[in-house]
Number of protein chains: 2
Amino acid sequence: MRVMAVLMLLVFAAAPAMAAEDLMDRAKQVFEPIPTTPPKDKIISPQSVELGKMLYFDPRLSSSWLVSCNTCHNLGTAGVDLQETSVGHGWKRGPRNAPTVLNSVYNIAQFWDGRASDLKEQAKGPVQAAVEMNNTPDRVVKTLKSMPEYVKRFGEVFPDQKDPVTFENMARVIADYEVTLLTPNAPIDKFIKGDDNALSKAEKEGLRLFMDKGCATCHSGINIGGGMYQPFGVVEKPGSDILPRDDKGRFAVTETPSDEYVFKVPSLRNVALTPPYFHSGKVWSLRQAVGVMGTAQLGVDLTDSEASKIVTFLHALTGDQPDVDYPILPPITDSTPKPELAVTQQGGGH
Amino acid sequence: MRVMAVLMLLVFAAAPAMAAEDLMDRAKQVFEPIPTTPPKDKIISPQSVELGKMLYFDPRLSSSWLVSCNTCHNLGTAGVDLQETSVGHGWKRGPRNAPTVLNSVYNIAQFWDGRASDLKEQAKGPVQAAVEMNNTPDRVVKTLKSMPEYVKRFGEVFPDQKDPVTFENMARVIADYEVTLLTPNAPIDKFIKGDDNALSKAEKEGLRLFMDKGCATCHSGINIGGGMYQPFGVVEKPGSDILPRDDKGRFAVTETPSDEYVFKVPSLRNVALTPPYFHSGKVWSLRQAVGVMGTAQLGVDLTDSEASKIVTFLHALTGDQPDVDYPILPPITDSTPKPELAVTQQGGGH
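Residues numbered from 1 in each chain as written. Chains lettered and ligands numbered in written order. Predicted model: local features only at pLDDT ≥ 70, side-chain atom pairs only at ≥ 80, totals over all residues. Heavy atoms only, no water.

### Observations regarding the packing of aromatic side chains
So, point 1. This model, assessed by the stated rule, comprises 17 aromatic pairs over all chains.
So, point 2. Seen in terms of ring centroids, W284(A) and W65(B) are 5.9 Å apart; in terms of plane orientation they differ by 85°. Their pairing is edge-to-face. With W284(A) in the loop between strand 4 (262-264) and helix 12 (286-298) and W65(B) in the loop between helix 2 (46-57) and helix 3 (69-72), this pair bridges two chains.
So, point 3. On the basis of relative accessibility, which here comes to 3%, the residue W65(B) falls in the buried class.
So, point 4. An angle of 5° between the planes, with centres 5.5 Å apart, marks the rings of Y326(A) and Y326(B) as stacked. A residue pair is termed interchain when its members come from two chains, as with Y326(A) in the segment after helix 13 (304-314) and Y326(B) in the segment after helix 13 (304-314). In terms of burial, Y326(A) and Y326(B) fall into one category: buried.
So, point 5. Aromatic ring contacts, followed pair by pair, group Y56(A), F57(A), Y177(A), Y326(A), Y56(B), F57(B), Y177(B) and Y326(B) into a single cluster.
So, point 6. Lying across the ring of F251(B), K248(B) places its NZ or CZ 5.9 Å from the centre.
So, point 7. Across the ring face of W284(A), the terminal group of K338(B) is positioned such that the distance to the ring centre comes to 5.3 Å. (Phe/Tyr/Trp six-rings, centres within 6.5 Å; stacked < 30°, edge-to-face > 60°. Helix = DSSP H or I, 4+ residues; strand = E, 2+ residues; numbered from the N terminus. Buried < 20%, exposed > 50% of the residue type's maximum accessible area, 1.4 Å probe, protein only. Lys NZ or Arg CZ within 6 Å of the ring centre and 35° of its normal.)

What follows is the structure, given as structure tokens:
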């Protein structure tokens, strides 16, 4: 009897700790932490990253000299522009909400429809899109070649190339810089690295719900999303106010009927910093976005309390924002093509 | 005879040194170096500078969330936008070329027509101008108050105020940040501090011409300009392609007939980095700008050789560009007024 009592006491005393370990173990199987240093195998050199940073912030990659990568992917606001859909050349709106550049190296592909296989491919799009930077590869190369400091830096990054200032190499070094834009040390990362105190009780409740309700089925892995494609409205299509019927997502890329309204599952890292939500950017409230996901993807009506707890957890996905030393850009020369504000290109968008 | 010969040798040997000293002495009387640290009496505290930096880069001071101070006064391109005249809200052009924010604390007044007495007064203009940030003081205050981090920071900068988040205080802290945007250590600064090797032979020839021809009559002092008003075309008005007749400059401020086509003499610091030139922004070539100044202001036709030498000297006015740690901005909340792209305000411009 005494032995039993002691055993039972031990069991009861151990229960909360076991529950915590259980949650941590489950989370460890579902998520992966963002590393504190970028993947070196994806970067040419520190010089390519520095050159890429200059180009990322250089509005002269656009035909107007008014739009840079940082315009829509502002590193001061978690790598997004906080717009419903992005606004670029000619004050025109693009078709989709700008996805964050942060941690984007860990996405399965780039753009909402995954039409770019990697960051380098992605970087070529907005430069040429009529509603973004409205430029041409030829004009970009002419612009870069007109500035001796850029020519020198491209030569240093690509020492074996005869003519290193190319549109391809521009995209490559921008991608190299973007690879470094990571946000480690979010509470969720600390938690799955073993720090039980990294999440509050409320955040843990939210995490448990996030996994129990099925959110983590798609929003998993290192980017808590970003790893697969799914139909928006797998259980029930949201209204056309949230899912406009003229944007069929990945169908435009694959022309496969089953890809209608299929989009890349977005990363939820730093999601509390990146409203408005969805590819349409129609939902400003994270609470509402969670509700929409419940009905559209999971077929569940989350209670107010459940949705609130999940939102509390989502705030624990905010990591350290990148420390950026703002680049000083090379001066133009007489041979630099002058800015042009007129719209001349076609197509494009996130 | 031997004494004479020795004396003559001494005289000849000393001549170049005397000429150099003469040039340096003359330059010391005309120019003043940019200090390596900002004037502390013009700044409330390091906290006001940091808050000002955040606001300087925050596009949410504009109604669209697309335009920040840094849009037209880009610190990566010497505090200007490299546009003929600035482009802001609605992709609309403003009436004048954006003057650089760098070293602007040392100007006699702000804007091309001097209508703002100081940087704080200046900062209120573009926020409200229809063709720039298109916002209202009320909306700005509501926006700032919706973000707890801004409320906290304003409270820290203005601890004695009950309601520190005001449009006035916004302008004050932006001005505090701008006070720190100095470009010291230009070759000209080192030269007038006594380093004879800071300027090359060609730059010294340019400096001598700059003073002999009369450029330094107006382009003098700490900002090598920025210290007085002058008619554009004091000797001969340039054509309306360069001096559009519908912009009468300071006349609009003072309504005094003698102020027709009068503008603030711009600072020439970093002038090699800030094309295009003049309030109209119609001249992209520094060489051409120097020629226009010769005929319009001094009544002299500079030879090619003279103008080139002056241009060479003007490149020696480029100082160390500010080192900027790009600010991470506070997240919005549910009470933050949403971005609006429509044009609703009237007037404004540099």
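### Some points on the environment of C72(A)
So, point 1. You can see C72(A) is positioned in helix 3 (residues 69-72).
So, point 2. Distance in space between the C-alpha atoms of C72(A) and S86(A) is 6.4 Å, their sequence separation being 14 residues.

### Focus on the packing of helix 2 (residues 46-57) of chain A against helix 7 (residues 167-179) of chain A
Geometrically, a packed helix pair is captured by the angle between its two axes and the distance between the axes.
All names here are of chain A.
So, point 1. Where helix 2 meets helix 7, the closest approach of the two axes is 7 Å, and the angle between their N-to-C directions is 100°. Overall, the two elements helix 2 and helix 7 adopt an arrangement that is roughly perpendicular. Contacts between helix 2 and helix 7 involve S48, V49, L51, G52, K53, L55, Y56 and F57 from the former and M170, V173, I174, D176, Y177 and E178 from the latter.
So, point 2. Each residue belonging to the contact of helix 2 with helix 7 can be placed in one class, and the counts come to nine nonpolar, two polar and three charged. (Axes fitted to C-alpha atoms, helices over the stretch in contact; angles between N-to-C directions. Parallel < 35°, antiparallel > 145°, perpendicular 65-115°, else oblique. Contact = heavy atoms within 4.5 Å. Nonpolar A, V, L, I, M, F, W, Y, C, P; charged D, E, K, R; others polar.)

### Points about the UniProt feature "binding site: heme c 2" (unreviewed entry) in chain A
All names here are of chain A.
So, point 1. Using the residue numbers shown here, the UniProt feature "binding site: heme c 2" (unreviewed entry) corresponds to C215, C218, H219 and M293. Spatial clustering of the annotated residues is evident: they stretch over 79 residues in sequence, but the largest pairwise C-alpha distance comes to 11.3 Å. The annotated residues contributing to the lining of the second largest pocket are C215, C218, H219 and M293.
So, point 2. Position of H219 relative to the elements: it lies in the loop between helix 10 (215-218) and strand 3 (229-231). (UniProt positions renumbered as here; feature names shortened; annotations may be inferred. 1 Å grid on protein atoms, 1.4 Å probe; cavity = no way out; pocket = protein on both sides within 12 Å on 5 of 7 lines; lining within 4 Å.)

### Focus: the interface of chain B and chain A
So, point 1. Facing 37 residues of chain B, the contacting portion of chain A comprises 37 residues.
So, point 2. Taking both sides of the interface into account, the surface hidden between chain B and chain A amounts to around 3200 Å²; carbon and sulfur atoms contribute 68%.
So, point 3. Summed over the shared surface of chain B and chain A, the result is zero salt bridges.
So, point 4. Connecting chain B to chain A are twelve residue pairs in polar contact (both at pLDDT 80 or more).
So, point 5. Taken together, the residues of the side of chain B that touches chain A break down into 22 nonpolar, ten polar and five charged. (Buried area = accessible area lost by both parts, 1.4 Å probe. Salt bridge = Lys/Arg side-chain N within 4 Å of Asp/Glu carboxyl O. Polar contact = N/O pair within 3.5 Å; in protein donor to acceptor, adjacent residues only side chain to side chain.)

### Concerning empty space enclosed by the protein
So, point 1. Under the defined criterion, the tally for this structure stands at four cavities of 30 Å³ or more.
So, point 2. If you add up the space inside the largest cavity, you get close to 600 Å³.
So, point 3. What lines the largest cavity is a set of 35 residues, and nearest its centre among them are L66(A), T71(A), L66(B), V67(B) and T71(B).
So, point 4. For the lining of the largest cavity, the secondary-structure elements that each account for two or more residues are helix 3 and strand 1 (87-88) of chain A together with helix 3 and strand 1 (87-88) of chain B.
So, point 5. Considered class by class, the residues forming the lining of the largest cavity number 19 nonpolar, 13 polar and three charged. (Points joined across faces, edges and corners; volume = space filled by probe spheres on them.)

### What to know about the packing of helix 2 of chain B against helix 6 (residues 148-157) of chain B
Residues and elements named next belong to chain B.
So, point 1. Look at helix 2 against helix 6: their axes get within 9 Å of each other, and the N-to-C directions meet at 145°. Considering how the two elements wind past one another, helix 2 and helix 6 form a crossing that is left-handed. Mapping the contact onto sequence places Q47, S48, E50, L51, M54 and L55 in helix 2 and E149, Y150, R153, F154 and V157 in helix 6.
So, point 2. When grouped by side-chain class, the residues that make up the contact of helix 2 with helix 6 number six nonpolar, two polar and three charged. (Left-handed = near helix turned anticlockwise from the far one by under 90°.)

### Some details on the domain arrangement of chain A
All names here are of chain A.
So, point 1. You can read the domains of chain A as domain 1 (46-179) and domain 2 (183-316).
So, point 2. Measuring from the centre of the C-alpha atoms in domain 1 to the corresponding centre in domain 2 gives 27 Å.
So, point 3. Facing 22 residues of domain 1, the contacting portion of domain 2 comprises 27 residues.
So, point 4. Approximately 2000 Å² of surface area, both sides summed, lies buried where domain 1 meets domain 2, with 54% of it carried by carbon and sulfur atoms.
So, point 5. Counting the surface domain 1 buries against domain 2, the share from its top three residues, E84, N103 and W112, is 31%.
So, point 6. For the pair domain 1 and domain 2, the number of links is two salt bridges.
So, point 7. Of the charged contacts in the structure, one is a salt bridge between E84 and K282, with a shortest N-O distance of 2.8 Å.
So, point 8. In this assembly, domain 1 and domain 2 are joined by twelve residue pairs in polar contact (both at pLDDT 80 or more).
So, point 9. Here the side of domain 1 that touches domain 2 is built from residues that sort into ten nonpolar, eight polar and four charged. (Domains from an automatic or database assignment.)

### Let's talk about the environment of E132(B)
All names here are of chain B.
So, point 1. Tracing the sequence through the fold places E132 in the loop between helix 4 (119-128) and helix 5 (137-145).
So, point 2. Note on E132: relative accessible area 6%, which makes it buried.
So, point 3. For the pair E132 and G90, spaced 42 residues apart in the sequence, the C-alpha separation amounts to 8.6 Å.

### Focus: the pattern of salt bridges
So, point 1. Across all of its chains, the model carries 46 salt bridges over all chains by this definition.
So, point 2. Salt-bridge contacts for E156(B) lead to K152(B); the nearest nitrogen and oxygen are separated by 3.5 Å. Linking E156(B) with K152(B), this pair stays in helix 6, spanning four residues, or about one helical turn.
So, point 3. Judged by its relative accessible area of 45%, E156(B) is partly exposed.
So, point 4. When its relative accessible area of 54% is taken as the criterion, K152(B) is described as exposed.
So, point 5. Ionic pairing is found between K309(B) and E205(B), a salt bridge with its closest N-O pair at 3.3 Å. Here E205(B) lies in helix 9 (residues 201-212) and K309(B) lies in helix 13, a separation of 104 residues in the sequence.
So, point 6. Look at K309(B) and you get partly exposed, because its relative accessible area is 30%.
So, point 7. A single network of salt bridges, built from pairs that share partners, joins R96(A), D113(A), R115(A) and D247(A).

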